Amino acid sequence: MVEIKKRVVNIKMFIDGEWKDAENLQTRPVINPANGEVISYAPEGTVADARAAIYAARHAFEAGVWSGISAQERASYLFKIADKIDEYAAELTELETMDNGKPLREAGFDVADAAACFRYYAGLITAPDGQTYHVADPMQAMVVREPIGVCGLIVPWNYPLLMSVWKIAPALAAGNTIVYKPSEVTPITPKKLFEILEEVGLPKGVANMVMGAGPVVGNEIASHPEVDMVSFTGGTKTGKHIMKTAADTMKKVSLELGGKSPNIIFADMDLELAVDYALFGIYAGSGQVCSAGSRILVEESVYDQFVNRFVERARKIQVGTGNDSSTEMGPLVSEQHLEKVLHYIELGKQEGATLACGGNRIVRDGLDKGYFVEPTVFIDVKQKMRIVQEEIFGPVVVIQKFKDEEEAIKLANGTVYGLAGAVFTNDGAKALRVVKKLRAGITWVNSYHPTYNEAPWGGYKQSGVGRSLGTFGLEEFQEIKQININLQVEPVGWFSN
Ligand code: NDP
């Protein structure tokens, strides 16, 4: 058991290079989800605070202190940030566990990924880009990529550090200035990240962090005319609201939203391996992962066998506090989210699904004050049930049966979401056939969850618009400008007089 320090010094926002309280001095408590204790207080920022951050970012952008320096110089800052993340890795890992609840093992991966993401974009931004075109003499046509300007970045609580870095690293690499808002539920590693940005000496006003309720501070970021783009990760309902809000000022919008991802298992697959990956697909992160394999579809000839083995292993998952090294699954992030997940479990029962295991809040000694839920499995579900259609975002999975490839694809694509999906089979051609039919942005064959900084992340349908990571993730934060140069100026000759 790792003793994690109990409190973090009260949190402040970072605006125009200075640490600030909310202008009205209001705060809200930050809770450790493993035991319900208050670990800090975060500023309850206001519209005025959001505007101060937006104006600081606008001023820094117009001054060219960031967009005007060379890509190599910007990259050198990003490399320094990555090095600092490595230097503070142990502290960041503990803070993430304390704030979000995830086991130290998971938090450690996130921290390492965060450093790697900064390094990736530091490298990418110095690579050649742009295009030239062979047009008729004496013209020369070319395309250059430019920063968009002030980017509003709004992130959720499930990967407080990593989701932030997925936006901050490419946005800064591209030369933008940023107004960033973490989730109010998990502001602690964001605060540490901004301490790092300050430590490496990022010019004043380039990176601003404002905290406060989404409908107040987030809404101001999405609606303000001085914000040129909003990049949002969170729920589909909020994403729709942001898209509508941003439309008034015609901002570019990038949305990484929810999912209800299918994990398709064919009978020819080794059953033990299929169960192993499927458990990882849903219960990693306590199911609070946008791409979680929350709908398992199993070919009917092995369905019963699969369910029995899956349930047997789900029951053995070690649920506990994140700082306990034997813990395999931590708590849910907040009491409010716990209520939401338990509500869905009740709903599943009312809809007539069979609870094959789990379904309860865990109240045994040591966990009774935290927000723990048993790994939960529903079977005998129908496609139209809300527990099949809606994102629960907890350790709750539905296991469905299919008779052939065609039905598997139909069920898999049968929700409004299209974030991720996986296929397990030993038949290579079948795997590719099925994956190509999935209406989803991220797919795996005989695997679940691996994500790479190099590869684009994002969804089809109501799972979002645009992509994070890879070259696509950088392009989200760039404008494209066409430049046409006349190399020999002569009269146009269009008008005679
Ligand atoms: P929410 O949509 O509730 O919140 C996400 C962020 O948006 C928070 O910072 C929140 O602020 C803010 N926000 C809330 N309302 C508004 C508003 N009206 N205007 C502007 N900003 C607002 O999502 P959760 O935090 O509950 O996160 C879970 C969701 O995120 C899941 O649906 C999950 O699938 C999705 N997600 C998607 C990922 C992807 O890559 N596709 C990755 C990770 C998560 P605050 O909370 O402070 O009020």
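Residues numbered from 1 in each chain as written. Predicted model: local features only at pLDDT ≥ 70, side-chain atom pairs only at ≥ 80, totals over all residues. Heavy atoms only, no water.

Observations regarding the packing of helix H7 (residues 214-223) against helix H8 (residues 236-247)
Each pair of packed helices can be summarised by the angle the axes make with each other and by the distance between the axes.
Thinking step 1. Interaxial distance between H7 and H8 falls to 8 Å at its minimum, and their mutual angle equals 45 degrees. For the element pair H7 / H8, the angle class is oblique. Each of Asn-219, Ala-222 and Ser-223 in H7 lies in contact with H8, whose residues at this interface are His-241, Ile-242, Thr-245 and Ala-246.
Thinking step 2. A class-by-class count of the residues in the contact of H7 with H8 yields three nonpolar, four polar and no charged. (Axes fitted to C-alpha atoms, helices over the stretch in contact; angles between N-to-C directions. Helix = DSSP H or I, 4+ residues; strand = E, 2+ residues; numbered from the N terminus. Parallel < 35°, antiparallel > 145°, perpendicular 65-115°, else oblique. Contact = heavy atoms within 4.5 Å. Nonpolar A, V, L, I, M, F, W, Y, C, P; charged D, E, K, R; others polar.)

Digging into the sheet that holds strand S14 (residues 354-357)
Thinking step 1. Spatially, the seven strands line up as an open sheet ordered S14-S15-S16-S13-S12-S18-S19, and their pairing is mixed. Here the strands that pair on one side only, and so sit at the sheet edges, are S14 and strand S19 (442-445). Direction aside, the axes of adjacent strands within the sheet are offset by 20 degrees on average.
Thinking step 2. Pairing of strand S13 (residues 295-299) with strand S16 (residues 396-402) involves five bridges; the strand directions are parallel. Across the sheet, Arg-295 pairs through a bridge with Val-398, a residue of S16. (Pairing = 2+ DSSP bridges.)

As for H8
Thinking step 1. With twelve residues, H8 extends 16 Å from end C-alpha to end C-alpha; this agrees with the ideal 16 Å at 1.5 Å per step.
Thinking step 2. Every buried residue of H8 is listed here: Thr-236, Gly-239, Ile-242, Thr-245 and Ala-246. (Expected span 1.5 Å × (residues − 1). Buried < 20%, exposed > 50% of the residue type's maximum accessible area, 1.4 Å probe, protein only.)

So, the pattern of salt bridges
Opposite charge on two side chains lets them pair, provided their charged atoms get close.
Thinking step 1. What the rule picks out here adds up to 25 salt bridges.
Thinking step 2. Between Lys-204 and Asp-16 there is a salt bridge, with the nearest N and O atoms lying 3.7 Å from each other. With Lys-204 in the loop between helix H6 (188-199) and strand S9 (207-209) and Asp-16 in the loop between strand S1 (13-15) and strand S2 (18-20), this pair connects stretches of sequence that are 188 residues apart.
Thinking step 3. Given a relative accessible area of 55%, Lys-204 falls into the exposed group.
Thinking step 4. On the basis of relative accessibility, which here comes to 27%, the residue Asp-16 falls in the partly exposed class.
Thinking step 5. As a salt-bridge pair, Glu-226 and Arg-58 come within 2.8 Å of each other at their nearest N and O atoms. Separated by 168 residues along the polypeptide, Glu-226 in the loop between H7 and strand S10 (229-233) and Arg-58 in helix H1 (residues 47-63) bring together distant segments of the chain.
Thinking step 6. Judged by its relative accessible area of 30%, Glu-226 is partly exposed.
Thinking step 7. The class of Arg-58 is buried, set by a relative accessible area of 13%.
Thinking step 8. Through salt bridges with shared partners, a single network forms among Arg-58, Glu-62, Glu-226 and Asp-228. (Salt bridge = Lys/Arg side-chain N within 4 Å of Asp/Glu carboxyl O.)

What to know about the domain arrangement of the protein
Thinking step 1. Annotation of the protein at the domain level lists domain 1 (9-257 + 463-482) and domain 2 (262-445).
Thinking step 2. Domain 1 and domain 2 are separated by 31 Å when their C-alpha centres are compared.
Thinking step 3. Opposite the 22 residues of domain 1 that make contact, domain 2 presents 26 residues.
Thinking step 4. Buried surface at the junction of domain 1 and domain 2, summed over both partners, amounts to about 1,800 Å²; 58% is from carbon and sulfur atoms.
Thinking step 5. At the junction of domain 1 and domain 2, the tally comes to zero salt bridges.
Thinking step 6. Where domain 1 meets domain 2, there are six residue pairs in polar contact (both at pLDDT 80 or more).
Thinking step 7. Elements with a contribution of two residues or more to the side of domain 1 that touches domain 2: helix H3 (89-100) and helix H4 (104-124).
Thinking step 8. Broken down by element, the side of domain 1 that touches domain 2 gets its largest block of residues, three residues, from H4.
Thinking step 9. Taken together, the residues that form the side of domain 1 that touches domain 2 break down as nine nonpolar, nine polar and four charged. (Domains from an automatic or database assignment. Buried area = accessible area lost by both parts, 1.4 Å probe. Polar contact = N/O pair within 3.5 Å; in protein donor to acceptor, adjacent residues only side chain to side chain.)

Focus on the site of the ligand
Thinking step 1. Looking at the ligand, there are 31 residues lining it, with Val-155, Lys-181, Thr-238, Leu-257 and Glu-391 nearest.
Thinking step 2. Lys-181 has a polar side-chain atom sitting 2.7 Å from an oxygen atom of the ligand.
Thinking step 3. One nitrogen or oxygen atom from the side chain of Trp-457 is found 2.9 Å from an oxygen atom belonging to the ligand.
Thinking step 4. When contributions to the shell around the ligand are tallied by element, the ones reaching two or more residues are H7, S10 and H8.
Thinking step 5. For the shell around the ligand, the element with the most residues is H7, which contributes four residues.
Thinking step 6. Partitioning the shell around the ligand into residue classes produces 15 nonpolar, twelve polar and four charged. (Near = heavy atom within 4 Å.)

Overview of the sheet that holds strand S22 (residues 478-486)
Pairing between the strands of a sheet comes from backbone hydrogen bonds, and it takes one of two forms, parallel or antiparallel.
Thinking step 1. With antiparallel pairing, three strands are arranged side by side in an open sheet as S5-S6-S22. The open sheet has two edge strands with one neighbour each: strand S5 (131-133) and S22. Between one strand axis and the next, the sheet turns through 20 degrees on average, direction left out of account.
Thinking step 2. As defined by bridge partners, S5 adjoins strand S6 (residues 139-147) across three bridges and the pair is classed as antiparallel. By the bridge assignment for S6, Gln-131 is matched with Val-143.

Quick word on the pairing of strand S18 (residues 420-424)
Across a regular strand the side chains alternate sides, sitting on one face of the sheet and then on the other.
Thinking step 1. By the criterion of burial, S18 is predominantly enclosed, with five of the five residues buried.
Thinking step 2. As paired elements, strand S12 (residues 262-265) and S18 share three bridges and run parallel to each other. Within S18, the position partnered with Asn-263 by the bridge is Ala-422.
Thinking step 3. With four bridges connecting them, S18 and S19 associate as parallel partners.

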